[in-house]
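# Survey of secondary and tertiary structure
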Amino acid sequence: MLNELQAIVDDLAHRLEASTVLEDHDQRMVVYSSQSDPIDEVRRDSILQRETSQQVMDWFRQFGIARATTPLRIPSHPELGILGRLCCPVRFRGRLMGFLFLIDD
């Protein structure tokens, strides 16, 4: 299953020319594409630590990502080391499974 998810994320990142990650509903890293510039501190740390800090989760969640059913843009937050992103909630039968994040500053 992870190999399939990895292939999907790699293909998507290649087609969109954007560094891409897939996180679960608790914003823990599942798979990620190769990363190219721009990359921010939050992306680097989430890959290395395989999770996201509470402060960063709070930043993203204030924009309604847990309730969203369509993609939404998240603005940058330089003080937290966050570049702007496109967040695509991943749902199955209406249940939130995770998030696909593409850096799009």
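Let us look at the structure shown here.

## Details of the overall build of the protein
In terms of regular secondary structure, the protein is built from three helices and five strands. Starting at the N terminus, the α and β elements of the protein follow one another as α-β-β-α-α-β-β-β. Compactness check: the protein gives a C-alpha radius of gyration of 13 Å against a globular reference of 13 Å for 105 residues, within 12% of the reference. Summarising its shape, the C-alpha atoms of the protein cover approximately 35 × 30 × 25 Å along the three principal directions. Out of the 105 residues in the protein, the part that is buried amounts to 43%. Taking the intrachain contacts of the protein between residues at least 6 apart in sequence as the baseline, contacts between residues at least 24 apart amount to 42%.

## A short note on a nonpolar patch on the surface
Together, Val90, Phe92 and Met97 line one region of the surface with nonpolar side chains, adding up to about 260 Å² of accessible area. Note that Val90 resides in strand β4 (residues 85-92). The class for Val90 is partly exposed, based on a relative accessible area of 31%.

## Focus on the pattern of salt bridges
Enumeration according to the criterion identifies six salt bridges in this entry. With a shortest N-O distance of 2.8 Å, Arg28 and Asp24 are connected by a salt bridge. On the accessibility criterion, Asp24 (14% relative accessible area) is buried.

## Examining the pairing of strand β2 (residues 29-32)
Along a regular strand, successive side chains alternate from one face of the sheet to the other. The sheet contact formed by strand β1 (residues 20-24) and β2 spans three bridges and is antiparallel. Note on β2: the bridge partner recorded for Leu22 is Val31. Taken together, β1 and the strand that follows it, β2, pair antiparallel across an intervening segment of four residues, in which Gln27 is found at a positive phi of about 60°.

## A few points about the nonpolar core
Within soluble globular proteins, side chains that are nonpolar generally end up buried alongside one another. In this structure, Phe60, Ile65, Ile74, Ile82 and Phe101 are the most contacted members of the largest nonpolar core, which totals 17 residues. The contacts of Ile74, once residues within four sequence positions are left out, are Trp59, Phe60, Phe63, Ile65, Gly84, Arg85 and Cys87. If you look at the next biggest cluster of nonpolar residues, it comprises eight residues, including Val9, Leu22, Cys88 and Leu100.

## Describing the side chain of Thr20
As for its placement among the helices and strands, Thr20 is situated in strand β1. Under the relative-accessibility criterion, Thr20 is labelled buried at 0%. A distance of 2.8 Å separates a polar atom in the side chain of Thr20 from the backbone oxygen of Ala18.

About the criteria used
Residues numbered from 1 in each chain as written. Predicted model: local features only at pLDDT ≥ 70, side-chain atom pairs only at ≥ 80, totals over all residues. Heavy atoms only, no water. Helix = DSSP H or I, 4+ residues; strand = E, 2+ residues; numbered from the N terminus. Rg over C-alpha atoms; globule rule 2.2 N^0.38 Å. Buried < 20%, exposed > 50% of the residue type's maximum accessible area, 1.4 Å probe, protein only. Contact = heavy atoms within 4.5 Å. Patch = residues over 30% accessible without salt bridge, like charges linked within 9 Å, V, L, I, M, F, W, Y side chains within 5 Å. Areas by Shrake-Rupley, 256 points an atom, 1.4 Å probe, with all protein chains shown as cover. Salt bridge = Lys/Arg side-chain N within 4 Å of Asp/Glu carboxyl O. Pairing = 2+ DSSP bridges. Core = buried A, V, L, I, M, F, W, Y, C linked by side-chain atoms within 4.5 Å. Polar contact = N/O pair within 3.5 Å; in protein donor to acceptor, adjacent residues only side chain to side chain.

Nothing here speaks to function; it is geometry throughout.
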